[in-house]
Amino acid sequence: MQDTWDMLFDPEHDDTRIYYSAGEDLGYMLDTGNDDVRTEGMSYGMMMAVQMDQKEVFDRLWNWSMTYMFMEKGVNAGYFAWSCQPDGTKNAFGPAPVGEEYFALALFFAAHRWGEGTGIYEYSKHAKDLLHRCLHKEEEDNGYPMWNPENKLIKFVPSVEFSDPSYHLPHFYELFALWSYEEDQAFWRQAAINSRQYIATSAHPVTGLAPEYAFYDGTPNHVRGFGHFYSDSYRVACNIGLDYLWFQDNACPVVVAEKIQSFFADKLPDEFRRYAIDGTPLEDKALHPVGLVASNAMASLATKGENARNAVDLFWNTPVRTGQRRYYDNCLYFFSLLALSGNFKIWYPAE
């Protein structure tokens, strides 16, 4: 674990690292393929840091997020700008909800593992406040909530009424139901139930493949070409695996993970492509083949049999990615390594 952490976070590994310190108390995760800093990566980095007991890195990332990404005015006040330049200049003034949900759970884990600080380092207060805004933004402000209040499904972005199946983290919502403000806890309990159902509904019944964007009924949303199985979609397998590892809920859609592994059982990473969710290969080659290998391996936390073993074997024999596109692959790689090694843990409050 430590060797892989060093490859992603240590400046001596410039061909694989995705973390960069900035000044005395700031740091960021660089999307090396797009040369920007995203809430996805920042919140992922915080989750990695708390799991690895790397408090300084965690605090640097959170400080950078609050300094440059947090929006204090406009329709999205209280959310985080999803993309910034490495110098902190905002590229956009809208949020991507996957960042907010990872921020919240990473902050809860930090509070439980290290205790509370002051200001922005009063971790659990910031987590609870953020989750409250995600649900009540429209009622209390002039913006939009990140979850649809009726069906309790996460949106792709707050202002639209469709979803991204890979954003659905029922295992996170189970914990939000324990630690959020009391008035929000019932929402999160139901959101966990609804999201497990949605993951199953949005996956193709034969291949298990999910689109990047989907309507609330689970059908692909082909706006701008995002109705196929591609980079975002890989995370569905990760989410099923971790959900099963943490909660082993009978409603966890394990069968989806089994179908995904079966679909890829006869395919090698250099053959990976964009696929229609029925499995039809499309023109584009996969941008992140290492990330897909890692995701399919993480699904083995919920599956068993030859396909599960082979997916893990392929992952063990796949190194972290080098080169320009390494950011997303190496995020998924590290999460898979954490989970498969038994180190992706729930950090409960100290008794």
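Note: the structure precedes this text.
A brief structural summary. (Residues numbered from 1 in each chain as written. Predicted model: local features only at pLDDT ≥ 70, side-chain atom pairs only at ≥ 80, totals over all residues. Heavy atoms only, no water.)

The next point concerns the overall build of the protein chain. Helix and strand counts for the protein chain stand at 12 helices and 6 strands. Here the protein chain has a C-alpha radius of gyration of 19 Å; the compact-globule value for 351 residues is 20 Å, and the two agree. Counting the 351 residues in the protein chain, one finds 60% classified as buried. Within the protein chain, residue pairs in contact and separated by at least 24 positions form 64% of the contacts whose partners lie at least 6 positions apart. Carbon together with sulfur atoms contributes 48% to the accessible area of the protein chain, which is approximately 13,900 Å² in total. In the protein chain, the 28 positive side-chain charges and the 49 negative ones have mean positions that sit 2 Å from each other. (Helix = DSSP H or I, 4+ residues; strand = E, 2+ residues; numbered from the N terminus. Rg over C-alpha atoms; globule rule 2.2 N^0.38 Å. Buried < 20%, exposed > 50% of the residue type's maximum accessible area, 1.4 Å probe, protein only. Contact = heavy atoms within 4.5 Å. Areas by Shrake-Rupley, 256 points an atom, 1.4 Å probe, with all protein chains shown as cover. Lys, Arg positive; Asp, Glu negative; His and termini not counted. Charge placed at Lys NZ, Arg CZ, Asp CG, Glu CD.)

Right, let's get into the packing of helix 6 (residues 170-179) against helix 7 (residues 185-202). Relative placement of two packed helices is described by the angle separating their axes and the distance separating the axes. Close contact between helix 6 and helix 7 brings their axes to 7 Å; oriented N to C, the two are set at 170°. In terms of orientation, helix 6 lies roughly antiparallel with respect to helix 7. Residue-level contacts link Pro 170, His 171, Tyr 173, Glu 174, Phe 176, Ala 177 and Leu 178 of helix 6 to Gln 185, Trp 188, Arg 189, Ala 191, Ala 192, Ser 195, Arg 196 and Ile 199 of helix 7. Taken together, the residues of the contact of helix 6 with helix 7 sort by class into 9 nonpolar, 3 polar and 3 charged. (Axes fitted to C-alpha atoms, helices over the stretch in contact; angles between N-to-C directions. Parallel < 35°, antiparallel > 145°, perpendicular 65-115°, else oblique. Nonpolar A, V, L, I, M, F, W, Y, C, P; charged D, E, K, R; others polar.)

A few words on the pattern of salt bridges. Side-chain pairing between opposite charges can occur once the charged atoms of the two side chains come close. The final tally for this structure, using the stated rule, is 16 salt bridges. We note a salt bridge from Asp 243 to Arg 196, for which the minimum N-O separation is 2.8 Å. Residue Asp 243 is located in helix 8 (residues 235-247), and its partner Arg 196 is located in helix 7; the two are separated by 47 residues in the primary sequence. For Asp 243, a relative accessible area of 1% corresponds to the buried category. For Arg 196, a relative accessible area of 3% corresponds to the buried category. A salt bridge links Asp 266 to Lys 267; the shortest N-O distance between them is 3.1 Å. (Salt bridge = Lys/Arg side-chain N within 4 Å of Asp/Glu carboxyl O.)

The next subject is the pairing of strand 2 (residues 26-29). Across the two faces of strand 2 the burial is the same, with Leu 26 and Tyr 28 and Gly 27 and Met 29 all buried. Examined bridge by bridge, strand 1 (residues 19-22) and strand 2 share 4 bridges and lie antiparallel to one another. Bridging from a neighbouring strand, Ser 21 pairs with Gly 27 of strand 2. Hairpin connection between strand 1 and strand 2: a loop of 3 residues separates the two successive antiparallel strands, and Gly 23 in this loop has a positive phi of roughly 70°. (Pairing = 2+ DSSP bridges.)

So, about the side chain of Ser 180. In this fold, Ser 180 is placed in the loop between helix 6 and helix 7. Among the residues examined, Ser 180 registers a relative accessible area of 4% and is labelled buried. For Ser 180, the side chain forms a polar contact with the main-chain oxygen of Phe 176, separated by 2.7 Å. Residues within four places of Ser 180 in sequence aside, it is in contact with Phe 108, Lys 128, Leu 131, Gln 185 and Trp 188. (Polar contact = N/O pair within 3.5 Å; in protein donor to acceptor, adjacent residues only side chain to side chain.)

What the rule picks out here adds up to 46 aromatic pairs. Relative to Tyr 167, the ring of Phe 156 lies with its centre 6.0 Å away and its plane at 20°, an arrangement referred to as stacked. With a gap of 11 residues between them, Phe 156 in the loop between helix 5 (123-140) and helix 6 and Tyr 167 in the loop between helix 5 and helix 6 connect regions that are remote in the sequence. A relative accessible area of 4% means that Tyr 167 is categorised as buried. Seen from their ring centres, Phe 176 and Trp 188 are 5.1 Å apart, and the 75° between their planes marks the pair as edge-to-face. One end of the pair, Phe 176, is in helix 6; the other, Trp 188, is in helix 7, with 12 residues separating them in the sequence. By the burial criterion, Phe 176 is buried, and Trp 188 matches it. Directly above the aromatic system of Tyr 79 lies the positively charged group of Lys 137, at a separation of 5.6 Å from the ring centroid. (Phe/Tyr/Trp six-rings, centres within 6.5 Å; stacked < 30°, edge-to-face > 60°. Lys NZ or Arg CZ within 6 Å of the ring centre and 35° of its normal.)

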